[in-house]
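Residue-level structural notes
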Amino acid sequence: HLATDPTSDISIALSQPFSNQNKWVKTNSDGSTQSSGTFSSTNQYPAGIAYGNGKWIVVTRAGEVAYSTDGGSNWTETASISGTASWGHMVYGNGRFVVVGEDSSAATSAYSFDGITWYRDDTNLGLLPNSNLGYNSGRVIYHNGEFIAWPQAGSGSKTVARSKDGWAWTWF
C-alpha cells in the first residue's frame, strides 16, 4: 500500500497488513529511503493509506485511523471507523477519503472529508453476495471522477462497483 503527495514528491509505503508488522517507509521520487518507523499510536496493523488535502491518513484493519500533516514524521490517532469491519485499501478523490472493507462477508465502505470524522456505508456495497472487499482482497481507486472498487482476483466475485461520492455504489 502506497500513497504519494504530488506536490512534494514524497511517497509513504506501508508494510503488508498480513505481515504482522506495524511499519512505514517514506521515500522521495528517486526511490531513496528518507525515513522509516512504526505506528506507535495504532493497535492494529495498517491496511490502507492515502494522501489528500495536506494530510496523510492511515487506517488499520480494525478501523483505527491516524493522520500526519508533516510528511509522516509524526502521527496522531483520531476516532476509529465504527463497526466491526476489516478495512483495506484507501484512496483520496473528489475532496474525500474512501476506504473499502468487508463486514460479515459483505463489502462495505466509509468516507471522510477530513480523515477524522468517518461516515460508514452499511447498505450499498453489501447488496451483492460474495463481494468481499476486505483488507487483503478489495481494491479501490479514484479515476475520471469516480471511485472504483473491486475484489481481488480469485475471490469468487467478478463484479466492480463505482461511485461518484464513495457512498452510493452501483455494481456493474
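Described in the following lines is the structure provided in the data block. (Residues numbered from 1 in each chain as written. Predicted model: local features only at pLDDT ≥ 70, side-chain atom pairs only at ≥ 80, totals over all residues. Heavy atoms only, no water.)

This paragraph deals with the sheet that holds strand β5 (residues 46-52). Here four strands make up an open sheet; going across it, the order is β5-β6-β7-β8 and the pairing antiparallel. Each edge of the open sheet carries a strand with a single partner, namely β5 and β8 (76-78). Direction aside, neighbouring strands of the sheet carry axes that sit 25° apart on average. The sheet contact formed by strand β7 (residues 65-68) and β8 spans three bridges and is antiparallel. Its bridge partner being in β8, valine 65 is matched across the sheet by threonine 78. (Pairing = 2+ DSSP bridges. Helix = DSSP H or I, 4+ residues; strand = E, 2+ residues; numbered from the N terminus. Axes fitted to C-alpha atoms, helices over the stretch in contact; angles between N-to-C directions.)

Together, Phe113, Tyr119 and Trp167 give the surface a local cluster of nonpolar side chains, amounting to about 290 Å² of exposed area. Mapped onto the elements, tyrosine 119 comes out in strand β12 (residues 119-121). By relative accessible area, which is 39% here, tyrosine 119 ends up partly exposed. (Patch = residues over 30% accessible without salt bridge, like charges linked within 9 Å, V, L, I, M, F, W, Y side chains within 5 Å. Areas by Shrake-Rupley, 256 points an atom, 1.4 Å probe, with all protein chains shown as cover. Salt bridge = Lys/Arg side-chain N within 4 Å of Asp/Glu carboxyl O. Buried < 20%, exposed > 50% of the residue type's maximum accessible area, 1.4 Å probe, protein only.)

Enumeration over the complete set of coordinates arrives at two salt bridges. Residue arginine 162 is joined to glutamate 146 by a salt bridge in which the shortest nitrogen-to-oxygen separation is 4.0 Å. Placement of the pair is arginine 162 in strand β15 (residues 161-163) and glutamate 146 in strand β14 (residues 146-151), with a sequence separation of 16 residues. Here arginine 162 falls in the partly exposed class, since its relative accessible area comes to 34%. Linking glutamate 146 and lysine 164 is a salt bridge whose minimum nitrogen-to-oxygen distance equals 4.0 Å. Highlighted residues: glutamate 146 in strand β14 and lysine 164 in the loop between β15 and β16 (170-171), separated in sequence by 18 residues.

On to the sheet that holds strand β13 (residues 138-143), then. The strand order across the open sheet built from four strands is β13-β14-β15-β16, with neighbouring strands paired in antiparallel fashion. Each end of this open sheet is capped by a strand with a single partner; those strands are β13 and β16. One ladder, built from six bridges, connects β13 with β14; its direction is antiparallel. The residue bridging tyrosine 142 from the neighbouring strand is phenylalanine 147, located in β14.

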